[in-house]
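What follows is each chain in one-letter form.
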Amino acid sequence: MKVKQLETLFCDAGWRPWIFLKATTDDGAVGWAEVTDSHGSPRGLAGVVEDLSPHVVGRDPRAVERIVWDLYRATRQSPGSVIQKAIGGIENALLDLKARELGISVCELFGGPTRDNVAVYWSHCGTTRARAWDVTGTKKLESYEDVTALGREVVARGFTAFKTNIVVPGDDPQVVMPGFHGPGLDRNPSPEL
């Protein structure tokens, strides 16, 4: 078994691209990893994966640690950032390939699961309704009553928790992300916000 190809695939989430890495072997096996870099350089990340591919293609994907160290050595003058994210994505896709080859879950490669249950929450529910309501075909958050209705929807769908950024509803709902970007934002929102 040898790695035949590494690909990055983009999925438009409405306000950012989700990026997936697909590692395919010469016998058709596929390993997957998510490598989204939405606040940096998503196209740059795909370029780094492409640039690192020659260090991976043609090799046995089960030698994950050897390949990862070779990638570190090949990029040692520019550690971190999108390079580290690309290496991590390649590593995860290779681990997925190895686990599938062995017929086990990836967690078994690391000594087994650390828990039997994981609480599920609705991630970015308010953010999506403020930024990408038209893409998702859902109601825009135009008022605080809409925000309250979304909270009820979260509960009705069986979730016990949700995660969102600060949303200011209106005709043009705003998502406030202190610490990331935007005019006048600092690490902490103002008391008024």
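Quantities reported herein were computed from a predicted structural model and do not represent experimental measurements.

(A) Geometry of the nonpolar core. Leu 6, Leu 21, Leu 52, Val 56, Leu 71, Ile 90 and Leu 94 are the most contacted members of the largest nonpolar core, which has 25 residues in total. When contributions to this core are tallied by element, the ones reaching two or more residues are strand 1 (3-12), strand 2 (17-25), helix 1 (42-52), helix 2 (64-74) and helix 3 (81-102). Ranked by residues supplied to this core, first place goes to helix 3 with nine residues. In this view, Leu 94 contacts Val 3, Val 56, Pro 61, Val 64 and Ile 67; residues no more than four positions away in its chain are not counted. By size, the runner-up hydrophobic cluster in this structure holds nine residues, among which are Trp 122, Leu 150, Val 175 and Met 177.

(B) Quick look at the pairing of strand 2. Where strand 1 and strand 2 come together, nine bridges link them in antiparallel fashion. Considered in strand 2, the bridge of Leu 9 is made with Phe 20. For strand 2 and strand 3 (residues 30-34), the ladder comprises five bridges, and the chain directions are antiparallel. Residue pairing across strands places Ala 23 opposite Gly 31, the latter belonging to strand 3. Linking strand 2 to strand 3, which pair antiparallel, is a turn of four residues; within it Gly 28 sits at a positive phi near 90°.

Parameters and conventions
- Residues numbered from 1 in each chain as written.
- Predicted model: local features only at pLDDT ≥ 70, side-chain atom pairs only at ≥ 80, totals over all residues.
- Heavy atoms only, no water.
- Core = buried A, V, L, I, M, F, W, Y, C linked by side-chain atoms within 4.5 Å.
- Buried < 20%, exposed > 50% of the residue type's maximum accessible area, 1.4 Å probe, protein only.
- Helix = DSSP H or I, 4+ residues; strand = E, 2+ residues; numbered from the N terminus.
- Contact = heavy atoms within 4.5 Å.
- Pairing = 2+ DSSP bridges.

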